[in-house]
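Examining the three-dimensional arrangement
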Amino acid sequence: MGELWVDGGRCQGHARCWALAPETFEIDEEGYAHVIPGRENSGDEPNVRKAIRNCPERAILERETDDAGEKAEEVSTS
Amino acid sequence: MSTETERGLSHNKSDFDFHGRALDNIFDDYQDMLANGPVGHSDKYGGFWYITKSEDIFNAEQDPDTFAVGPSMLLPAFGTDVPLIPIDIDPPTHADFRKILLPMFTPMNVSKLGPGMRETARQLCQEVLAAGDVVDVSAKLARPMPTIIFSRLAGYPEQDWPIFDRWIDEIIYERTAHPETAYAAGRELNDYFDRLLDEREKAGPEADASNDLITQLLKAEVKGRKLTREELLSYCYLLFLAGLDTTAWAIRSALWYLAGNPQAQQQLREDPDLIPTAAEEFLRTLSPVQAMARTAKADTVVRGQEIKAGERVVLVFGAGNRDPEVYEEPNEIKIDREDNRHLAFGGGIHRCLGSNLGRAEMVIAMEEFLKAVPHFERANNDEPWHGVGPLTLKIGA
Ligand code: SF4
């Protein structure tokens, strides 16, 4: 499991993540999403998986943390 | 030999149209296009390439340098040849204009409007019930609800609301068959906003407290300067057409489906928490905006098909939303479909600014209608889906 994050370059503020998993995603005053601090490891929760699968911009990513090198990789969306 | 043949086009639907009555029974055509020629050329509206696969539409939306919106995202134009702000504006200027209203359309701001929206929906549902056993719910609910809600938010004076429907009909729905009617109505709409802006500017700073969309636009700055009158008019023009009609279409489509599917109606009555999920499915399958145009800024290739710089390209959201590669049983409307990454609001930098408001209105309309009306069905059982026009329902116990 990796660390959850929202790619600010891709997020366009559809707010699907917030609608489906408000305990993990917050929306700023311009409408863009980020992961609530402390919730970076909630990627296995069903609501969060649902948010990942429904984000129209595929902007919710997981940063692999198991290896030494920090590598950002898109979560499987199938 | 046609250019298309020279360029190796294997499958072509040269009369493909995405407006008006052309949408009746369009879904079989979409499946055919997706399977046999996902990129093709139509001769309509001066000629355009159409892109139907979900993945290709996504990629085009993510690449605004190649797939630009200028001169116009609307094909044909929306009763005016002035570029509409912000949808007809390309980067880098686009973001400056879009930023002005982003805060007004966040889900948090939209949820503040919730109680008012619900009250409006309740009143309109009572009027539906009072109107008798056979009622046009398009005229009684689907159209007035977004008009009232958006007009309040935007700051259009209440006494003006009754004339709005005609402008929408003429600009949006007459523009293919009667472009001159659309342009005439477009000028009326433009003059209307010109007068409204004059009044607002005369009213001065006291009016600023109202915090509506027009006030926000008047206060806004782009690169350290106020918007010009032309820019204000263009922004107002777009907001009017985008804010009112699409939501009416979405509500109408949801009610059309539920009226013809008593089981789905029952399921949502028993489990109202499912309504937001159902709303997404209606947005996917009966999208208010079936397609939007781009212009290729450079020569490019989509799925092997060459597209030349300067050519028009239409992203067919309605087809992408039924792409069997993305959705299981794409033509089935499953109101509990949970994985629903649809394209109904577009994506990339031009994602529909009002998507959070549109969704909220749709959900509230369904919730209140199901609560107020114990049973409803289509007066004409065979009525096909249309996003516009009357929707006559039999209302009863
Ligand atoms: S669903 Fe995706 S695009 Fe929308 S706010 Fe969340 S992360 Fe951003």
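The structure reproduced in this document is the subject of the present report.

Considerations on the pairing of strand S2 (residues 48-51) of chain B
Residue and element names in this part refer to chain B.
- Both faces of S2 are covered, namely the face carrying Phe 48 and Tyr 50 and the face carrying Trp 49 and Ile 51.
- In textbook terms, the turn of a hairpin is the stretch between consecutive antiparallel strands, and for strand S1 (residues 39-42) and S2 this stretch comprises 5 residues, one of which, Tyr 45, has a positive phi near 50 degrees.
- Where S2 lies against strand S10 (residues 312-315), 3 bridges are found, and the strand directions are parallel. Along S10, the bridge assignment pairs Tyr 50 with Val 314.

Digging into the packing of aromatic side chains
- Under the criterion given, the structure shown has 22 aromatic pairs over all chains.
- Between B:Tyr156 and B:Phe164, the aromatic rings sit 5.6 Å apart at their centres with planes inclined by 90 degrees, giving edge-to-face as the arrangement.
- Summarising the aromatic geometry, the rings of B:Trp249 and B:Trp385 are spaced 5.6 Å apart at their centres and angled 75 degrees between planes, so their arrangement reads as edge-to-face. With B:Trp249 in helix H12 (residues 229-260) and B:Trp385 in the loop between strand S11 (375-378) and strand S12 (392-396), the pair connects residues that are 136 residues apart, well separated along the chain. With respect to class, B:Trp249 is no different from B:Trp385; both count as buried.
- Between the NZ or CZ atom of A:Arg58 and the centre of the ring of B:Phe58, over which it lies, the distance is 3.9 Å.
- The positively charged end of B:Arg284 is found above the aromatic ring belonging to B:Tyr327, 4.7 Å away from the centroid.

Considering the sheet that holds strand S7 (residues 292-296) of chain B
Residue and element names in this part refer to chain B.
- Read from one edge to the other, the open sheet built from 5 strands follows the order S1-S2-S10-S7-S3, with strand pairing classed as mixed. Both outer strands of the open sheet, S1 and strand S3 (67-68), are each paired with one neighbouring strand and no more.
- Pairing geometry for S7 and S10, over 4 bridges, is antiparallel. Within S10, the residue paired with Ala 293 across the bridge is Val 314.
- Taken strand by strand, helix H3 (residues 54-61) contacts S1, S2, S3, S7 and S10, and its axis lies near 125 degrees from that of S10.

Cut-offs and rules
- Residues numbered from 1 in each chain as written.
- Chains lettered and ligands numbered in written order.
- Predicted model: local features only at pLDDT ≥ 70, side-chain atom pairs only at ≥ 80, totals over all residues.
- Heavy atoms only, no water.
- Buried < 20%, exposed > 50% of the residue type's maximum accessible area, 1.4 Å probe, protein only.
- Helix = DSSP H or I, 4+ residues; strand = E, 2+ residues; numbered from the N terminus.
- Pairing = 2+ DSSP bridges.
- Phe/Tyr/Trp six-rings, centres within 6.5 Å; stacked < 30°, edge-to-face > 60°.
- Lys NZ or Arg CZ within 6 Å of the ring centre and 35° of its normal.
- Contact = heavy atoms within 4.5 Å.
- Axes fitted to C-alpha atoms, helices over the stretch in contact; angles between N-to-C directions.

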